[in-house]
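Residue-level structure breakdown
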Amino acid sequence: MKEITGADLFVKALKNEKVDVLFAYPGGQAIDLFDALYGDKEIEVILPRHEQGLIHAADGYARSTGKVGVCLVTSGPGAANLVTGIATANYDSVPLVCFTGQVPTNLIGKNAFQEVDIVRITQSICKYAVMVQRREALAETIKKAFILARTGRPGVVVVDLPKDIQQAYGSDAYPKELGIGDCTVYMGQINQAAELLNHAQKPVFLIGGGVNIAHANKEMTRLAELTGVPVVTTIMGKGAIPTTHSLYVGNLGIHGSYAANWAVSNCDLLFSIGTRFNDRITGKTEEFAAGAKIVHIDIDAANISRNIPADVPVVADARMALCSLLEKAHPLSVSKWVDEINRWKKEYKIDMGKSGLTPQRVIEAVNETFTDAVIATDVGQNQLWAAQFLALDENRQMLTSGGLGTMGYGLPAAIGAKLGNPHKDVVVISGDGGMQMNLQEMATAVVYELPIVICILNNGYLGNVRQWQEMFYNRRYSSTCMRYRRSCETGCNRPDRDCPQYTPDFIRLAESYGAKGIRVTKAEDIKAAFESARKNTKAPTVIEFIIDREANVMPIVPPGNPLTDMILDSGKEMPRKVAEKTIM
């Protein structure tokens, strides 16, 4: 056993944890850590252009590979710039370990240059946050961080490293294991859940992101096929079974499909796995699955009965629970129930129409072109259209910010996904607003020669908010037009050909970075654009799709309404009673 610096032990710890990609941005209070990494051939250090882009890239890497994503930044603004990404990843149970440089321990609390208390700032938005205050505690703290990030409900761990701890000498020993236990399944609860399932007449599986996080997709598909029970997903749960499967109904929630919302509203057993029942999927909680018994399986006990009371609570990892259920479930006589749901699917299919350059046609072209791919979305209408029309299976995965809804997520997450999956196609689906929030990461994609395909659905608006303003605020388009100039008239709410030119020109901007740029204005050019992008194998390709400025995501459940009160077509007038309830 020999003595090494804390910085050298940090590098040794990363190698012991099998970290091969580190997303990092240097600074004064982290310079010793970067010096220890200099010239290392086992860990590739990726330098994004902003710390928020950095953590979203680590997030995309983690979601797409199943590994722990690892970040390193300096103190003060470097650490503070991680905050949005920490909350984004933690909401969606993404395993990240974020290392932050810190001023020396003798300066802490003295308002030193670039000092912030990042532990206190992030405690409420991460799984665990700690400052290492003794060199002797460094190895065990790092080991604990990786274990906590990936076990139980995965999440974000923040480790703050003062500069003097990085420079101090101490033991080079790094522990192999720590006594932190894994989640177990309580068979009594599983037996109760299985009993309800086996006697249900109109059951529905409601699947959230927990199944995807647990990599339990095969087990979920087997259980659905064994029982014959239809499957509804949240946006985060989409892909838990192939979206082309005959038992897959669709997404649930305020932009859910008619069939999914009605299936949940009329079932007698809602068997939910890995979802928090947030307001985006429940609508009016008093009327959510009102006639159903509810089984709620989740790895985090705090999620169970928080929003919707559970009749049978089961605290368990999704995969472990599904394996146990497969031993107890049997085929059910639910064919009439499934037929009824299939009738709803056929009669109320989500369809934007076949004419023109619609988001549906763009996304369906993504399905046809990229059969082995990771698709990262941004947030807003683009995300919701992707959730409606993307076809997902074991070869095609969607990454999106579900819990926090973070604009600017898509591009950097795709960069992380491509670094973790170099042999897969990686596609970004973004709106024009979200694309500009971390546009600087185009440089990262270019310098690391990442041939990601970036689809910008450009309607010249912050589209999701504009849609709400159109439908629920009497078309008062306040601060949502991205083509606005100071010289424009106030109170404008009807886009026309005389609107100012869009800023920036995404094609010229892409080319200035060294990427390829393609603008598509006609539906018949979609396929050729994607074929051209696939030939560009050493740099990203930006494809800007000029879509209808007032295209809406439909159906929609007005705020405060039950899931059964859906507006199916934006061209239809809202029922008066619904409008009155919304305005009140």
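Above this text sits the structure in question.
In this report, the structure presented in the accompanying data block is examined. Since the structure is predicted, the reported quantities are computational estimates derived from the model, not experimental observations. The residue count restarts for each chain, going from 1 along the sequence in the order it is written. Selection of residues for local features in this predicted model requires a pLDDT of at least 70, selection of side-chain atom pairs for listing and counting requires 80 or more, and totals for whole chains, interfaces and linings are taken over all residues. To obtain the side-chain values, all non-hydrogen atoms of the structure were used and water was disregarded.

1. A look at the overall build of the protein chain
- Numbering of helices and strands starts at the N terminus; helices are DSSP runs of H or I of at least 4 residues and strands are runs of E of at least 2. Within the protein chain, the regular secondary structure consists of 24 helices and 20 strands.
- Throughout, the radius of gyration refers to the C-alpha atoms, and the reference size of a globule is 2.2 Å times the residue count to the power 0.38. By the compact-globule yardstick of 25 Å for 584 residues, the protein chain fits well, its C-alpha radius of gyration being 25 Å.
- The principal-axis extent of the C-alpha atoms belonging to the protein chain is close to 70 × 65 × 50 Å.
- Buried residues are those whose accessible area, probed at 1.4 Å on protein chains only, stays under 20% of the maximum for their type, while exposed residues exceed 50% and partly exposed ones sit between those limits. Taken across its 584 residues, the protein chain has 58% of its residues classed as buried.
- Any pair of residues with heavy atoms lying within 4.5 Å of one another is described as a contacting pair. A separation of at least 24 residues holds for 74% of the contacts in the protein chain among residues at least 6 apart in sequence.
- For every accessible area listed, the method is Shrake-Rupley and the probe measures 1.4 Å; residues are considered covered only by the protein chains on display. Within the structure as shown, the protein chain displays about 24900 Å² of accessible surface, and the carbon and sulfur contribution to it stands at 48%.

2. So, the packing of aromatic side chains
- Ring pairs are drawn from Phe, Tyr and Trp, using the six-membered ring of Trp, whenever the two centres fall within 6.5 Å, and their geometry is named by plane angle: stacked under 30 degrees, edge-to-face over 60, tilted for the rest. Applying the stated criterion across every chain, the model contains 14 aromatic pairs.
- Taken together, a centroid distance of 6.3 Å and an interplanar angle of 90° make the contact between W337 and W344 edge-to-face. Assigned by exposure class, W337 and W344 land together as buried.
- Ring centres of F530 and F545 lie 5.9 Å apart, and the angle between their planes is 50°; on these two criteria the pair is classed as tilted. One end of the pair, F530, is in helix α23 (residues 526-535); the other, F545, is in strand β20 (residues 541-546), with 15 residues separating them in the sequence. Of the two residues, F530 and F545, neither departs from the other in class, the shared state being buried.
- Counting every residue linked through ring pairs, the aromatic cluster contains Y258, W262, W337, W344 and Y348.
- R466 extends its terminal NZ or CZ atom over the ring of Y461, reaching a point 5.7 Å from the ring centre.
- Note that R549 overlies the ring of Y461, its terminal NZ or CZ placed 4.3 Å from the centroid. We call a charge positioned above a ring when the Lys NZ or Arg CZ atom is no farther than 6 Å from the ring centre and deviates by at most 35 degrees from the ring normal.

3. Describing helix α14 (residues 318-326)
- Taken residue by residue, α14 has A318, A321, L322, S324, L325 and L326 as its buried positions.
- Polar contact is defined as a pair of N or O atoms within 3.5 Å, subject to the rule that within protein one atom must be able to donate a hydrogen and the other to accept it, and that residues adjacent in sequence are counted only when both atoms are side-chain atoms. Measuring from the backbone nitrogen of R319 back to the side-chain oxygen at the start of α14 gives 3.0 Å, which picks out D317 as the cap.

4. Here's the deal with the pattern of salt bridges
- We define a salt bridge as a side-chain nitrogen of Lys or Arg found within 4 Å of a carboxyl oxygen belonging to Asp or Glu. Taken as a whole and judged by the stated rule, the model has 21 salt bridges.
- Where D92 meets R63, a salt bridge forms, and the shortest distance between an N and an O atom there is 3.0 Å. Residue D92 is found in the loop between α5 (83-91) and β5 (96-102), and its partner R63 is found in helix α3 (residues 51-65); the two are separated by 29 residues along the sequence.
- Its salt-bridge partner being E544, residue R519 comes within 2.7 Å of it at the nearest N-O pair. Of the two residues, R519 is situated in strand β19 (residues 516-520) and E544 in strand β20; the sequence distance between them amounts to 25 residues.
- A relative accessible area of 3% means that E544 is categorised as buried.
- The network of salt bridges with shared partners includes R466, E470, R475 and E550.

5. A look at the sheet that holds strand β4 (residues 69-73)
- Across the sheet, which stays open at both edges, the six strands sit in the order β3-β2-β4-β5-β7-β6 with parallel pairing between neighbours. Looking along the sheet, the strands with just one partner apiece sit at the ends: β3 (44-46) and β6 (128-131). Averaged over neighbouring strand pairs, the angle between their axes works out to 20° when direction is ignored.
- When DSSP finds two or more bridges between two strands, those strands count as paired. Pairing geometry for β5 and strand β7 (residues 156-162), over seven bridges, is parallel. What sits directly across from L96, in β7, is V156. Here an angle of 0 to 180 degrees is reported between the N-to-C directions of two axes, which are lines fitted to C-alpha atoms, with helices fitted over the stretch in contact.

6. A word on the packing of helix α16 (residues 359-369) against α23
- Axis separation between α16 and α23 bottoms out at 10 Å; the angle between their running directions is 45°. Considering the angle they form, α16 stands oblique to α23. In the crossing of α16 with α23, the sense of the turn from one axis to the other is right-handed. Across the interface between the two elements, R361, V362, A365, V366 and T369 from α16 touch I526, F530 and R534 from α23.
- A per-class count over the contact of α16 with α23 returns five nonpolar, one polar and two charged. Note on angle classes: values under 35 degrees are labelled roughly parallel, values over 145 roughly antiparallel, values of 65 to 115 roughly perpendicular, and the remainder oblique. If you view the pair so one helix is near and one far, a crossing is left-handed when the near helix is turned anticlockwise from the far one by less than a right angle, and right-handed when it is turned clockwise. Note on residue classes: Ala, Val, Leu, Ile, Met, Phe, Trp, Tyr, Cys and Pro are nonpolar, Asp, Glu, Lys and Arg are charged, and everything else, Gly too, is polar.

7. Notes on the sheet that holds strand β16 (residues 396-399)
- The parallel open sheet is built from six strands, whose spatial order is β16-β15-β17-β18-β20-β19. Edge positions in the sheet fall to β16 and β19, since each has one partner strand and no second. Each adjacent strand pair in this sheet contributes to an overall mean axis angle of 20°, direction not counted.
- Sheet topology places strand β18 (residues 453-458) next to β20; six bridges connect them, and they run parallel. Its bridge partner lying in β20, I454 is registered against V542.
- In the packing of α3 onto the sheet, the strands contacted are β15 (373-377) and β16, and the crossing angle to β16 comes to about 145°.

8. What about the environment of R63?
- Since its relative accessible area comes to 13%, R63 is described here as buried.
- Taking C-alpha positions, R63 is 9.5 Å from Q397, a pair spaced 334 residues apart along the chain.
- When sequence neighbours within four positions are dropped, the list of residues in contact with R63 reads T88, D92, V94, M236, Q397, L399, T400, S401 and Y409.
- Side-chain polar atoms of R63 contact the side chain of D92, separated by 3.0 Å.

9. Observations regarding the pairing of β16
- Pairing analysis gives four bridges linking β15 to β16, with the strands arranged parallel. Residue pairing across strands places A373 opposite R396, the latter belonging to β16.
- What joins β15 to β16 is helix α17 (residues 381-389), and the crossover it makes is right-handed. We call a crossover right-handed when, viewed with both strands directed away from the observer, the connection leading from the first strand over the helix to the second proceeds clockwise.

10. Quick word on the nonpolar core
- In this description, a nonpolar core means a group of buried Ala, Val, Leu, Ile, Met, Phe, Trp, Tyr and Cys residues linked to one another through side-chain atoms lying within 4.5 Å. Counting residues in hydrophobic clusters, the biggest one holds 62 residues, and the most contacted among them are F205, M220, L270, F271, I273, F288 and I297.
- Those residues in contact with F288 that lie beyond four places of it in its chain are L206, L252, V264, L270, F277, I281, T282, I308 and L563.
- Residues A57, A79, V428 and M442 belong to the second largest nonpolar core, which totals 53 residues.

11. A few points about helix α22 (residues 506-513)
- Within α22, the full set of buried residues consists of F506, I507 and A510. The buried residues of α22 occupy an angular sector of 100° when projected down its axis, which confines them to one face. Summarising the geometry of α22, the exposed residues directed more than 90 degrees from the buried face are R508 and S512.
- On its buried side, α22 packs onto α19 (432-435), β18, β19 and β20.
- Measuring from the side-chain oxygen of the N-cap residue of α22 to the backbone nitrogen of I507 gives 3.0 Å; that N-cap residue is D505.
- After α22 finishes, the residue G514 shows a positive phi value of roughly 105°. Here the arc refers to the set of directions running from the helix axis out to each C-beta atom.

Function-wise, these values are silent; they only describe arrangement.
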